Amino acid sequence: MKHLIDFVKKFSSDILPKILFVDGNGVHHHRGCGSASHLGVKVNIPTIGVAKKLLVYGRDATPENVFLRQNADSLRSRRDIIAVTFKGAQHTTLNVAVTHPKLKPVYISIGHRVDLDTATELTFSCCKGQSNLPEPIVAADGISRQIAANLERGRAADANLRFQQRSIQIDWLGAI
């Protein structure tokens, strides 16, 4: 996380994204501060946590597969949402949302400086194509896999150059 924070802080303020999507949780976390919240606070940019799996914590937590079975009728169509407040939380910490009708729902949580309704709407607006994840997360995942493959082949300089060229595109996508 430190390397990511340092990388984001290198950008001048005129090209920083308006918001960041993070593949992980925000305030929906057993410590109240997941990776989306942590990154947002450190770089002072609004963040949204979008997780592929339900983070369960506490003694009375319902496993993801049971939760999805129990709520199957409410999570069928695109834009179906279930607001979840976990035991001990003072407010809704998570929206379970269907962004693609044929794929598993995603788990949207507040990261930093954004409310849950806005986070959910922005997530829906950035989910396109065949993925259930927002485009900025899909693009970042593709780039990271490309860099990892280049590093494995010993082409670190090429990987770094491609990363720098694509980072501006990710910033643009993150600001949608």
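Residues numbered from 1 in each chain as written. Predicted model: local features only at pLDDT ≥ 70, side-chain atom pairs only at ≥ 80, totals over all residues. Heavy atoms only, no water.

**Q** Residue-level account of the sheet that holds strand 2 (residues 47–51), with values.
**A** Spatially, 1-2-5-4-3 is the arrangement adopted by the five strands of the open sheet, whose pairing is mixed. Bordering the open sheet on either side are strand 1 (20–22) and strand 3 (81–84), each of which pairs with just one other strand. On average, each strand axis in the sheet is tilted by 25 degrees relative to the strand beside it, whichever way the strands run. Of the strands in this sheet, strand 1, strand 2 and strand 5 (106–112) touch helix 2 (residues 35–43), which is tilted by about 25 degrees from strand 5. (Pairing = 2+ DSSP bridges. Helix = DSSP H or I, 4+ residues; strand = E, 2+ residues; numbered from the N terminus. Axes fitted to C-alpha atoms, helices over the stretch in contact; angles between N-to-C directions. Contact = heavy atoms within 4.5 Å.)

**Q** Tell me about helix 2, residues and numbers included.
**A** Listing the buried residues of helix 2 in full gives Ala36, Ser37, Leu39, Gly40 and Val43. Looking straight down helix 2, one finds its buried side chains confined to an arc of 165 degrees; they lie on one side. Contacts from the buried residues of helix 2 go to helix 1 (2–10), strand 1, strand 2 and strand 5. Directly after helix 2, the chain includes Asn44, whose backbone phi takes a positive value near 55 degrees. (Buried < 20%, exposed > 50% of the residue type's maximum accessible area, 1.4 Å probe, protein only. Arc of directions from axis to C-beta.)

**Q** Can you break down the pairing of strand 2 residue by residue, with the values?
**A** Counting buried residues in strand 2 gives five out of five residues, a clear majority hidden from the surface. Every second residue of strand 2 is oriented toward a common face, with Thr47, Gly49 and Ala51 on one face and Ile48 and Val50 on the other, all of them buried. Bridging between strand 1 and strand 2 involves three bridges; their strand directions are parallel. Counterpart to Val22 in the pairing with strand 2 is Gly49. For the segment spanning strand 1, helix 2 and strand 2, crossover handedness is right-handed. (Right-handed = clockwise from strand over helix to strand, strands pointing away.)

**Q** Quick rundown of the pattern of salt bridges? Include the residues and the values.
**A** Throughout the structure, instances matching the rule amount to six salt bridges. Across the pair Arg79 and Glu121 runs a salt bridge whose closest N-O atoms are separated by 2.7 Å. Residue Arg79 is found in the loop between helix 3 (64–70) and strand 3, and its partner Glu121 is found in helix 4 (residues 116–126); the two are separated by 42 residues along the sequence. Close ionic contact of Asp141 with Arg145 constitutes a salt bridge, the shortest N to O distance being 2.9 Å. Of this pair, Asp141 and Arg145 both sit in helix 5 (residues 135–152), four residues apart, roughly one helical turn. In this structure Asp141 comes out as partly exposed when scored by relative accessible area, which is 35%. Since its relative accessible area comes to 57%, Arg145 is described here as exposed. (Salt bridge = Lys/Arg side-chain N within 4 Å of Asp/Glu carboxyl O.)

**Q** Requested: an account of the confidence of the model for the protein, with residues and values cited.
**A** When the pLDDT values of the protein are averaged, the result is 85; 87% of them are 70 or greater. Per-element confidence in the protein ranges from a low mean pLDDT of 50 for helix 6 (residues 156–174) to a high of 97 for strand 2. Contacts from residues 168–176, a stretch scored under 50 in pLDDT, to residues over four places away or in other chains number 19 contacts. (pLDDT = per-residue confidence, 0-100.)

**Q** Go over the packing of helix 1 against helix 2 with me, naming the residues and quoting the values.
**A** Closest axis-to-axis distance for the helix 1/helix 2 pair is 10 Å, and the angle between their directions is 40 degrees. By the criterion of interaxial angle, the relationship of helix 1 to helix 2 is oblique. By crossing handedness, the relation of helix 1 to helix 2 is classed as right-handed. Residues Leu4, Ile5, Val8 and Lys9 of helix 1 form the contact with helix 2, whose participating residues are His38, Leu39, Lys42 and Val43. A per-class count over the contact of helix 1 with helix 2 returns five nonpolar, one polar and two charged. (Parallel < 35°, antiparallel > 145°, perpendicular 65-115°, else oblique. Left-handed = near helix turned anticlockwise from the far one by under 90°. Nonpolar A, V, L, I, M, F, W, Y, C, P; charged D, E, K, R; others polar.)

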